[in-house]
Amino acid sequence: TLRAYLYARECRQNQGKRRESAMTEKLFTKNFALLILGQLTSLFGNFILKLALSMYVLEATGSAAIFAGILSAATIPTILLSPLGGILADRADRRNIMVALDALTGVSVLCAALFLSESNAIAVISTLLIILSILGAFETPTVQACIPTMLQGDNIMKGNAVVNQVASLSYLIAPMLGGVLYAMLGLKPVMYASVVCFFITALFECFIKLSYQRIQNQGSMLRIVKQDFLSSMRYISKEQTSISKMLLLTAFSRFFVMGITIVGLPFLVRTVLGFNPKYYGAAESALAVATILGSIAAGILAEKLKIHKLSVLLASMGIFIIPAGIVFILPVNAIIKYGVTVVSFCGMQAVISIFSIFAVSLIQQRTPNHLIGKVMAYTSTVTLCVQPIGQIVYGFLFDRFYSAIYFVLIPTGIIVCIVGLSAMSFFKNMERKQQEVSA
């Protein structure tokens, strides 16, 4: 169709311009530096806040199940509203959206801190988490849509790698500092500290300058949402099928990796091997470091890694899983099993970090600016939907095969390897088309 042809031509032109511009453009432009500083303060505030809230609820109720239920309920608005967040990101000024959302987040936390008391703590915390989930549904696709407008070509991958590094560093450092602050000062001072972080983020974002062209709205709000949703779905399902296939592969990898990591690691360390929380904490810290190293590697490999090598990356995730299963067959002591398990999981975590950064960057590069927010929202939604399913499935499998863990890990590794290698033709075809566009 004519529309399909125009979309394809626009993508080819955009990719060509991005590659030419990327040859001379530096990575840390003023806009991108401000975005990174904002992400650093925002993520730090989020992590110390979530840690303090979880510790308070656990102390007040004595039940991990209650807080887990609150967190699970709070993810529902993000899943449901992310597509609307993508539509807003494509129709409104993205800079203004980020400023407004971070300011609203700060105001929401401030109000919660002012109204919080022992008698209403659970209700206030639950309401706050739901509000943060709603705001997050609009912020995530907006931030992801900003990166390809600030950077070009291979710098998009490097930029995504930096964002991932910032998130990993915040995850590694913020819980430790948040725990100290909570132990010394209590919940409300931590909440006030996070409010300061969110307002600082909004201040940084005020100085970001992005080009914006107002889109003429025709018809009712419902009609606009329907048209935008259908046009973006048609684009990824018919006109740019490589994006939908990449989304499926990303979801597939997240299903296995997050299921094994989030459910399997604490189960293996604490229940199967019987180690104390210090060993589990060390394993979690090692995973955070592995994620950072993977992000650094993705930035280094941005200009060197060929697209068809992504199938090797996907298969290598499975290769890392297999030794963790084999060690539970061998007659070795618990500490060796622990060491092999942690090394295997760290390798898997580093690889999924590299793969995810490249996958998201490829999706961003192949999506025109007026659709990028919606497409990135679909990426977030698919990931959010798949992760809890993987956790439920692997929770059942680990319980079922408690005395034979290798029946879970080894087949999973083999399946991931097979799928990764079978995707080689897809990635080769994608690389060939990109070379044709570059030529």
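Residues numbered from 1 in each chain as written. Predicted model: local features only at pLDDT ≥ 70, side-chain atom pairs only at ≥ 80, totals over all residues. Heavy atoms only, no water.

Caption draft 1: Geometry of a nonpolar patch on the surface. A contiguous nonpolar patch, built from Leu169, Ile173, Met176 and Leu177 and spanning about 360 Å² of accessible area, is present on the exposed surface. Relative to the helices and strands, Leu177 is located in helix 6 (residues 154-185). Leu177 sits in the partly exposed class, given a relative accessible area of 42%. (Patch = residues over 30% accessible without salt bridge, like charges linked within 9 Å, V, L, I, M, F, W, Y side chains within 5 Å. Areas by Shrake-Rupley, 256 points an atom, 1.4 Å probe, with all protein chains shown as cover. Salt bridge = Lys/Arg side-chain N within 4 Å of Asp/Glu carboxyl O. Helix = DSSP H or I, 4+ residues; strand = E, 2+ residues; numbered from the N terminus. Buried < 20%, exposed > 50% of the residue type's maximum accessible area, 1.4 Å probe, protein only.)

Caption draft 2: Inspection of the confidence of the model for the chain at higher detail. Chain-level statistics for the chain give a pLDDT mean of 81 and a share of 88% at 70 or above. Per-element confidence in the chain is highest for helix 4 (residues 94-115), whose mean pLDDT is 93, and lowest for helix 1 (residues 2-22), whose mean pLDDT is 51. (pLDDT = per-residue confidence, 0-100.)

Caption draft 3: Looking closely at the side chain of Lys374. Tracing the sequence through the fold places Lys374 in helix 13 (residues 372-400). Of the polar contacts made by the side chain of Lys374, one reaches the side chain of Asp90; its length is 2.8 Å. Those residues in contact with Lys374 that sit more than four places away from it in its chain are Gly86, Ile87, Asp90, Asp228 and Ser232. (Polar contact = N/O pair within 3.5 Å; in protein donor to acceptor, adjacent residues only side chain to side chain. Contact = heavy atoms within 4.5 Å.)

Caption draft 4: How the structure looks around the pattern of salt bridges. In the structure shown here, the tally under the stated rule is two salt bridges. We note a salt bridge from Arg94 to Asp90, for which the minimum N-O separation is 3.1 Å. We note a salt bridge from Asp90 to Lys374, for which the minimum N-O separation is 2.8 Å. Highlighted residues: Asp90 in helix 3 (residues 64-91) and Lys374 in helix 13, separated in sequence by 284 residues. Here Asp90 and Lys374 have matching classes, each one buried. Salt bridges sharing common partners tie together Asp90, Arg94 and Lys374.

Caption draft 5: Structural view of the packing of helix 4 against helix 5 (residues 121-150). Helix 5 packs onto helix 4 with a crossing angle of 165° between their chain directions and a minimal axis gap of 9 Å. Regarding the angle of helix 4 to helix 5, the classification is roughly antiparallel. Along this stretch, helix 4 crosses helix 5, giving a crossing that reads as left-handed. On helix 5, the residues that touch Arg94, Ile97, Met98, Leu101, Asp102, Leu104, Thr105, Ser108, Val109, Ala112 and Phe115 of helix 4 are Val124, Leu128, Ile131, Leu132, Leu135, Phe138, Glu139, Thr142, Val143, Ala145, Cys146 and Thr149. (Axes fitted to C-alpha atoms, helices over the stretch in contact; angles between N-to-C directions. Parallel < 35°, antiparallel > 145°, perpendicular 65-115°, else oblique. Left-handed = near helix turned anticlockwise from the far one by under 90°.)

Caption draft 6: Examining helix 5 more closely. Taking 1.5 Å of rise per residue, the 30 residues of helix 5 would be expected to cover 44 Å, and the 41 Å separating its terminal C-alpha atoms lies within 8% of that figure. Of all the bends in helix 5, the largest measures some 30° and sits at Gly136. Within helix 5, 22 of the 30 residues are buried, which leaves the element mostly enclosed by the surrounding structure. (Expected span 1.5 Å × (residues − 1). Bend = angle between axes of the 7 residues up to and from the residue.)

Caption draft 7: Seen up close, the packing of helix 4 against helix 7 (residues 187-206). Between helix 4 and helix 7, the least distance of the axes is 8 Å, while the angle of their chain directions is 165°. Viewed along their axes, helix 4 and helix 7 adopt a mutual orientation that is roughly antiparallel. Crossing handedness for the pair helix 4 and helix 7: left-handed. When grouped by side-chain class, the residues that make up the contact of helix 4 with helix 7 number 16 nonpolar, four polar and four charged. (Nonpolar A, V, L, I, M, F, W, Y, C, P; charged D, E, K, R; others polar.)

Caption draft 8: Just the side chain of Thr201, in detail. Position of Thr201 among the secondary structure elements: in helix 7. A polar contact of 3.1 Å, which involves the side chain of Thr201, links it to the backbone nitrogen of Ser42. Apart from residues lying up to four places away in sequence, Thr201 is in contact with Gly38, Thr41, Ser42 and Asp102.

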